[in-house]
Amino acid sequence: VVTAMIRPVLPRDTPELVALAQETGVFKPAEIVALREVLDDYHREAHARGHHAAAVEQDGRPIGFVYFAPASMTDRTWYLYWIAVDRRAQAKGTGGVLLRHAEDQIRREKGRLLLVETSSLPHYELTRKFYAKQGYEVNAIVGDFYSDGDDLVIFRKRLAE
Ligand SMILES: CC(C)(COP(=O)(O)OP(=O)(O)OC[C@H]1O[C@@H](n2cnc3c(N)ncnc32)[C@H](O)[C@@H]1OP(=O)(O)O)[C@@H](O)C(=O)NCCC(=O)NCCS
């Protein structure tokens, strides 16, 4: 049972969120660098362009976060860019709480489709299971996208008829 609360991501969270993402062990070093830039951009200006970042806080510290934004040049399609839960807190429902928070917010903004991109590598298997359990379907696979043998897997969920 998750008794934690969801709140907006704040500038002072950045070091903890970057460390948390790194400690999951699934992201590449370049992705960790990109995450720091994404959070800095978010606080500087992206929040004003409709991007969202939310954290789950437990005992005064963030244990997970989600980042989502509209896909430009589309009719109400959104991207889930980041979701991560502290390694020690995984598999207790926190990721589901964060994903449903994103879906609810996107529905409030009349979003139609939500896409999530991930990798075909074995260490993302639990991540792919997570999306499947949350009602996402594999909609496209781009072979060898990240590197030879590492496909791009695009999950999709329809949020409105
Ligand atoms: C994917 C992630 C956000 C899910 O959050 P979570 O709080 O662990 O997931 P939940 O507790 O809500 O859901 C659990 C389900 O997700 C899957 N799962 C994902 N990670 C898991 C883990 N470390 N251990 C067990 N199950 C996991 C399982 O299918 C599980 O279902 P089950 O309990 O019926 O077996 C989280 O595990 C994580 O941060 N993973 C590493 C980062 C990552 O892959 N991010 C997405 C990049 S595209």
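Described in the following lines is the structure provided in the data block. Throughout, residues of each chain are indexed from 1 in the direction in which the sequence is written. pLDDT decides what is reported in this predicted model: residues at 70 or higher carry local features, side-chain atom pairs at 80 or more are listed and counted, and totals for whole chains, interfaces and linings draw on all residues regardless. By convention in this description, side-chain values take in all heavy atoms of the structure and omit both hydrogens and water.

## Some points on the pairing of strand β4 (residues 77-85)
Regular strands show a simple pattern: their side chains alternate between the two faces of the sheet. Within β4, seven of the nine residues are buried, leaving the element largely enclosed by the surrounding structure. For strand β3 (residues 61-70) and β4, the ladder comprises seven bridges, and the chain directions are antiparallel. Within β4, the residue paired with G64 across the bridge is V85. Paired strands, as defined in this entry, are two strands with at least two bridges between them according to DSSP. To qualify as a helix, a DSSP run of H or I must reach at least 4 residues; to qualify as a strand, a run of E must reach at least 2; elements of each kind are numbered from the N terminus. In this antiparallel pair of consecutive strands, β3 and β4, the connection spans six residues, and M73 shows a positive phi of 65°. Sheet analysis places β4 next to strand β5 (residues 113-119), joined by four bridges and oriented parallel. Across the sheet, the residue bridging to Y79 is L115, located in β5. We call a crossover right-handed when, viewed with the strands running away from us, the connection from the first strand over the helix to the second turns clockwise. In this fold, β4 hands off to helix α3 (residues 94-108), which returns the chain to β5; that crossover is right-handed. The buried label applies to any residue whose accessible area, calculated with a 1.4 Å probe on protein chains only, is under 20% of its type's maximum; exposed applies above 50%, and partly exposed to all values in between.

## Thoughts on the layout of surface pockets
By volume, the largest pocket is sized at about 1100 Å³. Around the largest pocket sit 35 residues that line it, and F27, I83, Y124, T127 and Y131 are the ones nearest its centre. Taken together, the elements giving at least two residues each to the lining of the largest pocket come down to α2 (29-44), β4, α3, β5 and α4 (125-133). Considering every element that reaches the lining of the largest pocket, the biggest residue donor is β4, with seven residues. Of the residues belonging to the lining of the largest pocket, the class tally is 17 nonpolar, eleven polar and seven charged. Note on definitions: the grid is 1 Å and covers protein atoms alone; a cavity is a set of points where a 1.4 Å probe fits but cannot get out; a pocket is an open set with protein on both sides within 12 Å along at least five of seven lines; lining residues have an atom within 4 Å of a point. Grid points are joined across faces, edges and corners, and a volume is the space filled by probe spheres set on the points. Residue polarity follows a fixed list, in which Ala, Val, Leu, Ile, Met, Phe, Trp, Tyr, Cys and Pro are nonpolar, Asp, Glu, Lys and Arg are charged, and the others, Gly among them, are polar.

## Description of the sheet that holds strand β7 (residues 150-158)
Taking strand neighbours across the sheet as the criterion, the seven strands line up as β1-β2-β3-β4-β5-β7-β6 in an open arrangement whose pairing is mixed. Every interior strand has two partners, whereas the edge strands, β1 (5-8) and β6 (137-147), have only one. Averaged over all pairs of adjacent strands, the angle between their axes in this sheet comes to 25°, without regard to strand direction. The pairing of β5 with β7 spans seven bridges and is antiparallel. Its bridge partner lying in β7, L114 is registered against K157. What makes two residues a contact is simply this: any of their non-hydrogen atoms within 4.5 Å. Interaxial angles span 0 to 180 degrees and are taken between N-to-C directions of axes, which are lines fitted to C-alpha atoms, for helices over the stretch in contact. Strand contacts of helix α1 (residues 14-23): β3 and β4, with the helix running at about 90° to β3, the strand carrying the most contacts.

Purely geometric numbers; function is a separate question.
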